[in-house]
Amino acid sequence: MSKPYKSLAVTLLLSLSLGMTANAAAAEKCPIEKRQSKAVGERAAKKVQKSFKAYTEGNLDDAIAILLEANPKAKFDKAYVDRMLGNFYAEKAQMGTAIKYLKSAVDADILGGTDHGASLRLYADLLLQEKQYKEAITYYNKWMDFTCKVDGTVFKRVGIAYSELKQWDKVLEVADKGLALIDKPDKGLYQMKLTAYFNKKQYKNAIKVLEIMVPLFQDDKRLWLQLAQFYLLTEDYDKSLATYDLAYKNGFLETAASITRLSQLMAQKGAPYQAAKIYDKHMKSGLIKKDEKTLNILAGFYHNAKDMKRAAKFYGEAAAVKNDAALYLKQGRLLAIDRQFKAAIPVFKKALDAGLKNPGEAEFELALAYLGLKQYKSAYRSAVKASKDKKTARSAKSYITYIKEKARVHNVTL
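Since the structure is predicted, the reported quantities are computational estimates derived from the model, not experimental observations.

## Points about unusual backbone geometry
If you check the backbone angles, K374 has positive phi at about 60° while not being a glycine. Mapped onto the fold, K374 is located in the loop between helix 21 (359-372) and helix 22 (376-386). Residue class for K374 comes out exposed when judged on its relative accessible area of 58%. A positive phi angle is found at N411, which is not glycine, with a value near 55°. Among the secondary structure elements, N411 is positioned in the segment after helix 23 (393-409). Judged by its relative accessible area of 72%, N411 is exposed.

Here is the structure:
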């Protein structure tokens, strides 16, 4: 919250008129207009004048000291002095003391209309700042009742208090009242509604708020991301992707997480190659850290796009980070699918050396790779090894027969 205490104090104190006679009471029903001003008693007036002079000369401590000596007896004079002390202590950022004096002034309920209204408002502001939320709401309402004013800023502050109290229905109520009063869109009031709907788990209502906010505050990158994320929460993947894509084109995606989400949605919605190119670009730029997880993700995008060469390359890079046997196996299989048998063979051996959980998987793939190269002896040896692994025994045994026949036809002794 901003701290307008100095300007408030100056404004309030400059409005003092110590010898002013009472104005005629207005005929209006509003309390502030019916409340007559009074003159401070002669004894107290001297202290008030002296204090105000010290204040205008920049001697705030002296101004306070003079008022503390006043010790007024009359109820009005005491409220008047307490109000001044409350303003002065607020300016010194001694909020506890300021609150004490302002409470005395407002609860006396005897000051002139303008002075009482201003004191109510400042007192409520200080209570809010000091996290006395229930009391702040009470006195903001008293200010509205006394002044007959409805103020968007006040509704926002009341909304803050209700938010802190987690009274989300009240937050929505005051936010709507505030929005109805203002001429210029207020992001804070909309954000209150968004927060309330989120906490009430009313995600579709939250989306409606964001769909208003994004066009109004187009340069707020955070709002674009929030809208895209809420679409995800409601499983509206098409709108989520469209929003992420627009945000990306506007330069609003600045984190690895956002780029990853955009790429995943692209891949999910049938554009894995585009997803891979975007993810690859930001990995090269350094935004996305290159590690086993991210390299594996990138390889997966290329894999889905059926770019086996690039997919194998990145699976290999991911495998090398922590000598991951499963990733080596995956890399080797893609190389073999791409008929790069010579390149695949050492990769399958790396999978074995890295401690593959089921070594028969790599041995079986080696048998197929050797077979593709017409290296029947090596194919046979690997197939025999694969036949000893429960996971690959059946497939390996069927290929052993096939390899033997191929060797016989080509006059190769196994």
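Past the structure itself, the notes keep going.
## A word on a positive patch on the surface
A cluster of basic residues, K349, K377, R381, K385 and K388, forms a positive patch at the surface. Take the positive patch: its biggest share by element is three residues, from helix 22. Structurally, the position occupied by K377 is in helix 22.

## With respect to the packing of helix 3 (residues 42-56) against helix 5 (residues 75-91)
At their nearest, the axes of helix 3 and helix 5 sit 11 Å apart, and the two run at 15° to each other. Relative to helix 5, the element helix 3 lies roughly parallel. Read as a crossing pair, helix 3 and helix 5 show a hand that is left-handed. On the side of helix 3, the interface is formed by A44, V48, S51 and Y55, while helix 5 contributes D77, Y80, V81, M84, F88 and E91. Here the residues of the contact of helix 3 with helix 5 are counted per class, giving seven nonpolar, one polar and two charged.

## Structural notes on the packing of aromatic side chains
Tallying each qualifying case throughout the model produces 15 aromatic pairs. Here a set of aromatic residues connected by ring pairs shows up, and it is made of F52, Y55 and F88. Sitting above the plane of the W143 ring, R121 keeps its charged end 4.9 Å from the centroid. Here the basic side chain of K313 rests over the ring of F314, its NZ or CZ set 4.1 Å away from the ring centre.

## Things to note about the pattern of salt bridges
Two side chains of opposite charge can pair, provided their charged atoms sit close to one another. As enumerated under the stated definition, the model contains 25 salt bridges in all. Put simply, D238 and K269 hold a salt bridge, and the shortest N to O gap is 3.0 Å. Within this pair, whereas D238 is found in helix 14 (residues 237-249), its partner K269 is found in the loop between helix 15 (256-268) and helix 16 (272-285), the two being separated by 31 residues in sequence. Classification of K269 as partly exposed rests on a relative accessible area of 41%. In the salt-bridge network here, residues are joined through shared partners; they are R333, E361, E365 and K391.

## Here's the deal with the packing of helix 4 (residues 60-70) against helix 5
At a minimum axis distance of 10 Å, the contact between helix 4 and helix 5 shows a crossing angle of 155°. What the angle tells us is that helix 4 and helix 5 run roughly antiparallel. Relative to helix 5, helix 4 is oriented so that their crossing is left-handed. Contact with helix 4, carried on its side by L60, A63, I64, L67 and L68, involves V81, M84, L85, F88, Y89 and E91 of helix 5 and no other residues of that element.

What counts as what
- Residues numbered from 1 in each chain as written.
- Predicted model: local features only at pLDDT ≥ 70, side-chain atom pairs only at ≥ 80, totals over all residues.
- Heavy atoms only, no water.
- Helix = DSSP H or I, 4+ residues; strand = E, 2+ residues; numbered from the N terminus.
- Buried < 20%, exposed > 50% of the residue type's maximum accessible area, 1.4 Å probe, protein only.
- Patch = residues over 30% accessible without salt bridge, like charges linked within 9 Å, V, L, I, M, F, W, Y side chains within 5 Å.
- Areas by Shrake-Rupley, 256 points an atom, 1.4 Å probe, with all protein chains shown as cover.
- Salt bridge = Lys/Arg side-chain N within 4 Å of Asp/Glu carboxyl O.
- Lys, Arg positive; Asp, Glu negative; His and termini not counted.
- Charge placed at Lys NZ, Arg CZ, Asp CG, Glu CD.
- Axes fitted to C-alpha atoms, helices over the stretch in contact; angles between N-to-C directions.
- Parallel < 35°, antiparallel > 145°, perpendicular 65-115°, else oblique.
- Left-handed = near helix turned anticlockwise from the far one by under 90°.
- Contact = heavy atoms within 4.5 Å.
- Nonpolar A, V, L, I, M, F, W, Y, C, P; charged D, E, K, R; others polar.
- Phe/Tyr/Trp six-rings, centres within 6.5 Å; stacked < 30°, edge-to-face > 60°.
- Lys NZ or Arg CZ within 6 Å of the ring centre and 35° of its normal.

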